[in-house]
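Here is how the chains run, residue by residue.
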Amino acid sequence: MAVKKKRKVLIILGIIAAAIILFLMAVFICHKILLSREAELRTPLGELVDVDGEKMSVYAEGSGEKTLVFMSGGGTCSPILDFRSLYSLLSDEYRVVTVEKFGYGFSDVSNKNRDIDTVLEDTRKALREAGENAPYVLCPHSMSGLEALYWAEKYPDEVIAVIGLDMAVPEYYEHMKINMPVMRLGQAAAAIGITRLMPQLAESDAIKYGTLTEDEKNIYRALFYSRTATSSMINECRYVKENAKLVAGFDVPQIPMLLFISDGSGGTGFDKDTWRRIAKEYIAKNSSGKYVELDCPHYVHDYEYEAISRQIKEFLSE
(Lines give C-alpha, C1' and ligand atoms only; values in the text may rest on other atoms or scores of the structure.)
Protein backbone atom coordinates (compact mmCIF):
# COMPACT_ATOMS: atom_id res chain seq x y z
CA MET A 1 0.00 0.00 0.00
CA ALA A 2 2.84 2.37 0.87
CA VAL A 3 4.45 1.80 -2.54
CA LYS A 4 1.15 2.46 -4.34
CA LYS A 5 0.60 5.64 -2.30
CA LYS A 6 4.09 6.86 -3.07
CA ARG A 7 3.60 6.10 -6.76
CA LYS A 8 0.32 8.04 -6.77
CA VAL A 9 2.03 11.05 -5.18
CA LEU A 10 4.80 10.95 -7.78
CA ILE A 11 2.24 10.77 -10.59
CA ILE A 12 0.38 13.77 -9.19
CA LEU A 13 3.61 15.74 -8.83
CA GLY A 14 4.58 14.80 -12.37
CA ILE A 15 1.22 16.00 -13.68
CA ILE A 16 1.59 19.30 -11.80
CA ALA A 17 5.14 19.77 -13.11
CA ALA A 18 4.05 19.00 -16.66
CA ALA A 19 1.15 21.43 -16.36
CA ILE A 20 3.49 24.19 -15.13
CA ILE A 21 5.93 23.54 -17.98
CA LEU A 22 3.14 23.58 -20.56
CA PHE A 23 1.75 26.79 -19.05
CA LEU A 24 5.14 28.52 -19.17
CA MET A 25 5.67 27.34 -22.74
CA ALA A 26 2.29 28.79 -23.72
CA VAL A 27 3.11 32.10 -22.00
CA PHE A 28 6.50 32.23 -23.74
CA ILE A 29 5.04 31.51 -27.20
CA CYS A 30 2.35 34.14 -26.67
CA HIS A 31 5.01 36.61 -25.49
CA LYS A 32 7.09 36.04 -28.64
CA ILE A 33 4.05 36.49 -30.87
CA LEU A 34 3.11 39.74 -29.15
CA LEU A 35 6.71 41.04 -29.34
CA SER A 36 6.57 40.47 -33.08
CA ARG A 37 3.25 42.32 -33.35
CA GLU A 38 4.66 45.20 -31.28
CA ALA A 39 7.73 45.60 -33.51
CA GLU A 40 6.35 48.71 -35.20
CA LEU A 41 5.78 50.34 -31.82
CA ARG A 42 9.48 49.88 -31.11
CA THR A 43 10.54 52.01 -34.08
CA PRO A 44 13.18 54.38 -32.63
CA LEU A 45 11.90 57.82 -31.71
CA GLY A 46 15.33 59.39 -32.04
CA GLU A 47 18.60 58.49 -33.73
CA LEU A 48 20.55 55.24 -33.41
CA VAL A 49 24.28 55.93 -33.32
CA ASP A 50 27.22 53.55 -33.44
CA VAL A 51 29.14 53.05 -30.20
CA ASP A 52 31.88 50.42 -30.48
CA GLY A 53 29.93 48.46 -33.06
CA GLU A 54 26.60 48.53 -31.22
CA LYS A 55 23.68 50.93 -31.40
CA MET A 56 22.70 53.51 -28.80
CA SER A 57 19.58 55.65 -28.96
CA VAL A 58 19.81 59.44 -28.71
CA TYR A 59 16.80 61.74 -28.88
CA ALA A 60 17.05 65.53 -29.18
CA GLU A 61 14.76 68.47 -29.72
CA GLY A 62 14.79 72.22 -29.27
CA SER A 63 17.61 74.72 -29.51
CA GLY A 64 19.34 77.23 -27.33
CA GLU A 65 22.68 78.26 -25.90
CA LYS A 66 22.60 75.49 -23.28
CA THR A 67 22.26 71.75 -23.93
CA LEU A 68 20.52 69.70 -21.24
CA VAL A 69 21.38 66.00 -21.19
CA PHE A 70 18.80 63.77 -19.49
CA MET A 71 20.19 60.58 -17.95
CA SER A 72 17.82 57.87 -16.74
CA GLY A 73 17.64 55.97 -13.49
CA GLY A 74 18.41 52.27 -13.26
CA GLY A 75 15.86 49.99 -14.91
CA THR A 76 13.82 52.74 -16.62
CA CYS A 77 12.71 50.89 -19.74
CA SER A 78 11.95 53.99 -21.84
CA PRO A 79 14.04 57.03 -20.84
CA ILE A 80 12.96 59.10 -23.86
CA LEU A 81 9.30 58.82 -22.89
CA ASP A 82 9.95 58.84 -19.15
CA PHE A 83 11.45 62.35 -19.35
CA ARG A 84 9.11 63.67 -22.05
CA SER A 85 6.66 65.45 -19.75
CA LEU A 86 9.56 67.53 -18.40
CA TYR A 87 11.82 68.21 -21.36
CA SER A 88 8.86 69.16 -23.58
CA LEU A 89 8.47 72.19 -21.28
CA LEU A 90 12.15 73.10 -21.67
CA SER A 91 12.84 72.66 -25.38
CA ASP A 92 11.47 76.13 -26.14
CA GLU A 93 14.59 77.63 -24.52
CA TYR A 94 17.20 74.87 -24.54
CA ARG A 95 18.55 72.00 -26.58
CA VAL A 96 17.34 68.89 -24.73
CA VAL A 97 18.92 65.48 -25.30
CA THR A 98 18.12 62.07 -23.84
CA VAL A 99 20.72 59.31 -24.11
CA GLU A 100 19.47 55.74 -23.66
CA LYS A 101 22.19 53.51 -22.26
CA PHE A 102 22.75 50.00 -23.57
CA GLY A 103 19.84 47.79 -22.54
CA TYR A 104 17.42 50.72 -22.30
CA GLY A 105 14.72 52.00 -24.63
CA PHE A 106 15.68 51.63 -28.28
CA SER A 107 19.36 50.91 -27.61
CA ASP A 108 20.93 47.49 -28.10
CA VAL A 109 21.28 45.12 -25.17
CA SER A 110 25.03 44.79 -24.70
CA ASN A 111 27.36 42.51 -22.79
CA LYS A 112 29.81 45.35 -22.14
CA ASN A 113 30.96 45.93 -18.57
CA ARG A 114 28.91 48.47 -16.66
CA ASP A 115 31.72 49.97 -14.62
CA ILE A 116 31.33 53.72 -14.45
CA ASP A 117 34.20 54.50 -16.82
CA THR A 118 32.67 52.36 -19.56
CA VAL A 119 29.16 53.75 -19.01
CA LEU A 120 30.43 57.33 -19.13
CA GLU A 121 32.51 56.79 -22.26
CA ASP A 122 29.49 55.16 -23.96
CA THR A 123 27.40 58.25 -23.20
CA ARG A 124 30.06 60.68 -24.41
CA LYS A 125 30.61 58.72 -27.63
CA ALA A 126 26.87 58.54 -28.31
CA LEU A 127 26.52 62.31 -27.92
CA ARG A 128 29.46 62.98 -30.23
CA GLU A 129 28.12 60.56 -32.85
CA ALA A 130 24.75 62.33 -32.66
CA GLY A 131 26.42 65.68 -33.30
CA GLU A 132 25.89 67.10 -29.82
CA ASN A 133 28.64 69.28 -28.38
CA ALA A 134 29.79 69.93 -24.82
CA PRO A 135 29.61 71.67 -22.43
CA TYR A 136 26.39 70.22 -21.04
CA VAL A 137 23.95 70.72 -18.21
CA LEU A 138 23.54 67.18 -16.87
CA CYS A 139 20.06 66.17 -15.66
CA PRO A 140 20.43 62.73 -14.06
CA HIS A 141 17.70 60.73 -12.37
CA SER A 142 18.47 58.23 -9.61
CA MET A 143 21.43 55.92 -10.38
CA SER A 144 22.71 58.16 -13.18
CA GLY A 145 23.63 60.69 -10.52
CA LEU A 146 26.83 58.69 -10.02
CA GLU A 147 27.69 58.99 -13.71
CA ALA A 148 26.97 62.73 -13.71
CA LEU A 149 29.16 63.39 -10.68
CA TYR A 150 31.97 61.30 -12.14
CA TRP A 151 31.62 63.14 -15.47
CA ALA A 152 31.98 66.50 -13.71
CA GLU A 153 35.10 65.20 -11.96
CA LYS A 154 36.77 63.53 -14.92
CA TYR A 155 35.86 66.04 -17.65
CA PRO A 156 35.16 69.35 -15.86
CA ASP A 157 35.25 71.35 -19.10
CA GLU A 158 32.27 69.33 -20.39
CA VAL A 159 29.89 69.97 -17.48
CA ILE A 160 28.64 73.45 -16.62
CA ALA A 161 25.95 72.39 -14.14
CA VAL A 162 24.17 69.38 -12.63
CA ILE A 163 20.42 69.32 -12.07
CA GLY A 164 19.59 66.22 -10.05
CA LEU A 165 16.14 64.73 -10.55
CA ASP A 166 16.11 62.88 -7.23
CA MET A 167 19.55 61.69 -8.25
CA ALA A 168 21.61 59.19 -6.32
CA VAL A 169 24.72 60.28 -4.42
CA PRO A 170 27.37 57.78 -3.25
CA GLU A 171 26.23 57.47 0.37
CA TYR A 172 22.93 55.87 -0.63
CA TYR A 173 24.75 52.80 -1.86
CA GLU A 174 26.56 52.32 1.43
CA HIS A 175 23.19 51.39 2.94
CA MET A 176 21.33 49.95 -0.03
CA LYS A 177 20.83 46.18 -0.24
CA ILE A 178 20.97 44.81 -3.78
CA ASN A 179 19.42 41.36 -4.11
CA MET A 180 20.92 39.91 -7.27
CA PRO A 181 19.01 36.56 -7.08
CA VAL A 182 15.70 38.44 -7.03
CA MET A 183 16.84 40.54 -9.98
CA ARG A 184 17.81 37.40 -11.89
CA LEU A 185 14.39 35.96 -11.16
CA GLY A 186 12.78 39.12 -12.49
CA GLN A 187 14.94 38.89 -15.59
CA ALA A 188 13.82 35.32 -16.21
CA ALA A 189 10.16 36.24 -15.66
CA ALA A 190 10.45 39.10 -18.17
CA ALA A 191 12.17 36.89 -20.74
CA ILE A 192 9.44 34.25 -20.50
CA GLY A 193 6.66 36.82 -20.62
CA ILE A 194 5.32 36.44 -17.09
CA THR A 195 5.15 40.23 -16.87
CA ARG A 196 2.29 40.18 -19.40
CA LEU A 197 0.15 38.37 -16.84
CA MET A 198 0.43 41.47 -14.63
CA PRO A 199 -0.34 44.36 -17.01
CA GLN A 200 -0.36 46.85 -14.16
CA LEU A 201 3.45 46.53 -14.07
CA ALA A 202 3.64 48.23 -17.47
CA GLU A 203 1.74 51.27 -16.18
CA SER A 204 4.72 53.44 -15.32
CA ASP A 205 4.53 56.77 -13.51
CA ALA A 206 5.10 58.45 -16.88
CA ILE A 207 1.97 56.75 -18.20
CA LYS A 208 -0.17 57.37 -15.13
CA TYR A 209 0.89 60.89 -14.19
CA GLY A 210 2.70 62.43 -17.16
CA THR A 211 1.49 64.07 -20.35
CA LEU A 212 2.11 61.25 -22.83
CA THR A 213 -0.32 60.78 -25.69
CA GLU A 214 -2.14 57.46 -26.08
CA ASP A 215 0.25 56.47 -28.87
CA GLU A 216 3.24 57.25 -26.66
CA LYS A 217 1.74 55.23 -23.83
CA ASN A 218 1.42 52.23 -26.14
CA ILE A 219 5.05 52.65 -27.22
CA TYR A 220 6.10 52.76 -23.56
CA ARG A 221 4.21 49.55 -22.82
CA ALA A 222 5.78 47.80 -25.82
CA LEU A 223 9.23 48.85 -24.61
CA PHE A 224 8.43 47.62 -21.12
CA TYR A 225 7.86 44.10 -22.43
CA SER A 226 11.14 44.11 -24.35
CA ARG A 227 13.35 46.15 -22.02
CA THR A 228 12.62 44.94 -18.49
CA ALA A 229 15.54 43.65 -16.42
CA THR A 230 17.83 43.34 -19.43
CA SER A 231 21.29 41.85 -18.96
CA SER A 232 22.76 45.36 -19.30
CA MET A 233 20.56 46.58 -16.43
CA ILE A 234 21.49 43.59 -14.27
CA ASN A 235 25.18 44.20 -14.92
CA GLU A 236 24.76 47.83 -13.85
CA CYS A 237 23.46 46.65 -10.51
CA ARG A 238 26.43 44.31 -10.12
CA TYR A 239 28.78 47.27 -10.50
CA VAL A 240 26.82 50.01 -8.77
CA LYS A 241 28.33 49.73 -5.28
CA GLU A 242 31.82 49.68 -6.76
CA ASN A 243 30.92 52.69 -8.92
CA ALA A 244 29.55 54.55 -5.91
CA LYS A 245 32.69 53.85 -3.91
CA LEU A 246 34.83 55.29 -6.71
CA VAL A 247 32.75 58.47 -6.92
CA ALA A 248 32.76 58.82 -3.13
CA GLY A 249 36.55 59.14 -3.29
CA PHE A 250 36.27 62.55 -4.98
CA ASP A 251 35.22 65.88 -3.54
CA VAL A 252 31.78 67.24 -4.35
CA PRO A 253 32.05 69.13 -7.68
CA GLN A 254 32.08 72.87 -7.14
CA ILE A 255 29.86 73.76 -10.07
CA PRO A 256 26.28 75.07 -10.10
CA MET A 257 24.13 72.27 -8.75
CA LEU A 258 20.40 72.00 -8.08
CA LEU A 259 18.85 68.92 -6.51
CA PHE A 260 15.16 68.08 -6.62
CA ILE A 261 14.54 65.71 -3.70
CA SER A 262 11.51 63.43 -3.45
CA ASP A 263 9.81 62.08 -0.33
CA GLY A 264 11.70 58.80 -0.78
CA SER A 265 8.70 56.73 -1.80
CA GLY A 266 8.36 54.94 -5.12
CA GLY A 267 11.17 52.44 -4.95
CA THR A 268 14.15 54.04 -3.19
CA GLY A 269 14.08 51.64 -0.26
CA PHE A 270 14.61 54.53 2.17
CA ASP A 271 12.28 56.34 4.54
CA LYS A 272 11.56 60.00 3.86
CA ASP A 273 13.85 61.47 6.51
CA THR A 274 16.87 59.34 5.59
CA TRP A 275 16.44 59.88 1.85
CA ARG A 276 16.28 63.63 2.23
CA ARG A 277 19.02 63.87 4.84
CA ILE A 278 21.61 62.14 2.64
CA ALA A 279 20.88 64.38 -0.35
CA LYS A 280 20.90 67.58 1.73
CA GLU A 281 24.16 66.66 3.44
CA TYR A 282 25.72 66.08 0.03
CA ILE A 283 24.57 69.36 -1.54
CA ALA A 284 25.68 71.28 1.56
CA LYS A 285 29.26 70.51 0.52
CA ASN A 286 28.75 72.46 -2.70
CA SER A 287 29.44 76.14 -2.06
CA SER A 288 26.63 77.30 -4.35
CA GLY A 289 24.40 74.24 -4.24
CA LYS A 290 20.64 74.47 -3.95
CA TYR A 291 17.88 71.96 -3.34
CA VAL A 292 14.11 71.76 -3.58
CA GLU A 293 12.07 69.25 -1.59
CA LEU A 294 9.09 67.80 -3.43
CA ASP A 295 6.20 65.92 -1.85
CA CYS A 296 6.06 63.21 -4.47
CA PRO A 297 7.64 59.81 -5.24
CA HIS A 298 11.07 59.08 -6.72
CA TYR A 299 10.22 59.73 -10.40
CA VAL A 300 9.80 63.43 -9.64
CA HIS A 301 9.78 64.47 -13.32
CA ASP A 302 6.62 62.43 -13.91
CA TYR A 303 4.75 64.20 -11.11
CA GLU A 304 6.06 67.75 -10.72
CA TYR A 305 7.21 68.47 -14.27
CA GLU A 306 5.63 71.93 -14.42
CA ALA A 307 7.17 73.12 -11.15
CA ILE A 308 10.52 71.52 -11.98
CA SER A 309 10.65 73.11 -15.46
CA ARG A 310 9.99 76.58 -13.99
CA GLN A 311 12.69 76.18 -11.37
CA ILE A 312 15.20 74.82 -13.90
CA LYS A 313 14.66 77.91 -16.05
CA GLU A 314 15.12 80.17 -13.05
CA PHE A 315 18.26 78.29 -12.00
CA LEU A 316 19.87 78.42 -15.44
CA SER A 317 19.08 82.10 -15.92
CA GLU A 318 20.93 83.15 -12.76
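Scroll up to find the structure.
Residues numbered from 1 in each chain as written. Predicted model: local features only at pLDDT ≥ 70, side-chain atom pairs only at ≥ 80, totals over all residues. Heavy atoms only, no water.

Participant: Could you give me a rundown of the packing of aromatic side chains, with the residues and numbers involved?
Facilitator: In this structure the tally under the stated criterion is 10 aromatic pairs. Ring geometry for Phe 70 versus Phe 83: centroids 5.2 Å apart, planes at 50°, classification tilted. Taken together, the residues span a long stretch of sequence, with Phe 70 in strand 3 (residues 67-71) and Phe 83 in the loop between helix 2 (79-82) and helix 3 (84-87) at a distance of 13 residues. Between the aromatic rings of Phe 224 and Tyr 225, the centroid separation amounts to 5.2 Å while the plane-to-plane angle is 75°, which identifies the pairing as edge-to-face. Both residues of the pair, Phe 224 and Tyr 225, count as buried. Through successive ring pairs, a cluster of aromatic residues spans Tyr 59, Phe 70, Phe 83 and Tyr 87. One Lys or Arg, Arg 84, reaches over the ring of Tyr 59 and ends 5.1 Å from the middle of that ring. Note that Arg 196 overlies the ring of Tyr 225, its terminal NZ or CZ placed 4.1 Å from the centroid. (Phe/Tyr/Trp six-rings, centres within 6.5 Å; stacked < 30°, edge-to-face > 60°. Helix = DSSP H or I, 4+ residues; strand = E, 2+ residues; numbered from the N terminus. Buried < 20%, exposed > 50% of the residue type's maximum accessible area, 1.4 Å probe, protein only. Lys NZ or Arg CZ within 6 Å of the ring centre and 35° of its normal.)

Participant: Residues and numbers for helix 9 (residues 214-226), please.
Facilitator: The terminal C-alpha atoms of helix 9 lie 19 Å apart, and with 13 residues this matches the ideal 18 Å at 1.5 Å per residue to within 8%. For helix 9, the full list of buried residues reads Glu 216, Lys 217, Ile 219, Tyr 220, Ala 222, Leu 223, Phe 224, Tyr 225 and Ser 226. (Expected span 1.5 Å × (residues − 1).)

Participant: An account of the pattern of salt bridges is requested, with residue identities and associated values reported.
Facilitator: One pass over the full model with this rule turns up 22 salt bridges. Two residues, Glu 93 and Lys 313, come together in a salt bridge whose shortest N-O distance is 3.5 Å. Placement of the pair is Glu 93 in the loop between helix 3 and strand 4 (95-100) and Lys 313 in helix 12 (residues 305-317), with a sequence separation of 220 residues. The class of Glu 93 is partly exposed, set by a relative accessible area of 39%. (Salt bridge = Lys/Arg side-chain N within 4 Å of Asp/Glu carboxyl O.)

Participant: Residues and numbers for the nonpolar core, please.
Facilitator: Residues Leu 138, Trp 151, Tyr 172, Tyr 173 and Met 257 are the most contacted members of the largest nonpolar core, which totals 45 residues. With 6 residues, the single largest contributor to this core is helix 5 (residues 144-154). Apart from residues lying up to four places away in sequence, Met 257 is in contact with Leu 149, Val 162, Met 167, Tyr 282, Ile 283, Asn 286, Ser 288, Gly 289, Lys 290 and Phe 315. Counting residues in hydrophobic clusters, the runner-up holds 39 residues, among them Val 137, Tyr 220, Leu 258 and Phe 260. (Core = buried A, V, L, I, M, F, W, Y, C linked by side-chain atoms within 4.5 Å. Contact = heavy atoms within 4.5 Å.)

Participant: Residue-level account of the pairing of strand 8 (residues 290-293), with values.
Facilitator: Bridging between strand 7 (residues 257-261) and strand 8 involves 4 bridges; their strand directions are parallel. Considered in strand 8, the bridge of Leu 259 is made with Tyr 291. (Pairing = 2+ DSSP bridges.)

Participant: Please provide a residue-by-residue account of empty space enclosed by the protein, values included.
Facilitator: In this structure the tally under the stated criterion is 4 cavities of 30 Å³ or more. Of the volumes computed, that of the largest cavity is approximately 120 Å³. Lining the largest cavity are Lys 101, Arg 114, Ile 116, Val 119, Met 143, Ser 144, Leu 146, Glu 147, Glu 236, Val 240 and Asn 243. (1 Å grid on protein atoms, 1.4 Å probe; cavity = no way out; pocket = protein on both sides within 12 Å on 5 of 7 lines; lining within 4 Å. Points joined across faces, edges and corners; volume = space filled by probe spheres on them.)

Participant: Summarise the side chain of Arg 124; cite the residues concerned and give the values.
Facilitator: Tracing the backbone shows Arg 124 in helix 4 (residues 116-129). Discounting residues that sit within four places of it in the chain, Arg 124 has contacts with Trp 151, Tyr 155 and Glu 158.

Participant: Tell me about the sheet that holds strand 2 (residues 54-61), and please be specific about residues and values.
Facilitator: Strand pairing in a sheet relies on backbone hydrogen bonds. The paired strands run either parallel or antiparallel. Spatially, 1-2-4-3-5-6-7-8 is the arrangement adopted by the 8 strands of the open sheet, whose pairing is mixed. Every interior strand has two partners, whereas the edge strands, strand 1 (47-51) and strand 8, have only one. Shown here is a sheet whose adjacent strand axes are inclined to one another by a mean of 20°, direction ignored. Where helix 11 (residues 272-283) meets the sheet, it contacts strand 7 and strand 8, and its direction lies at approximately 175° from that of strand 7. (Axes fitted to C-alpha atoms, helices over the stretch in contact; angles between N-to-C directions.)

Participant: Would you mind going over helix 7 (residues 180-192) in detail, with residue names and values included?
Facilitator: Across its 13 residues, helix 7 extends 18 Å between first and last C-alpha, which sits within 8% of the 18 Å expected from 1.5 Å per residue. The backbone nitrogen of Val 182 has a side-chain oxygen 3.2 Å away, supplied by the residue at the start of helix 7, namely Asn 179. Looking one or two places after helix 7, you find Gly 193, whose phi comes out positive at around 110°. (Polar contact = N/O pair within 3.5 Å; in protein donor to acceptor, adjacent residues only side chain to side chain.)

Participant: Go over the layout of surface pockets with me, naming the residues and quoting the values.
Facilitator: Estimated volume of the largest pocket: approximately 1200 Å³. Listing elements by their share of the lining of the largest pocket, those giving two or more residues are helix 7, helix 8 (205-209), helix 9 and helix 10 (231-248). With 5 residues, the single largest contributor to the lining of the largest pocket is helix 10. Within the lining of the largest pocket, the residues separate by chemical class into 22 nonpolar, 17 polar and 7 charged. Of the voids in this model, the second largest pocket is the one considered here, and its volume is about 220 Å³. (Nonpolar A, V, L, I, M, F, W, Y, C, P; charged D, E, K, R; others polar.)

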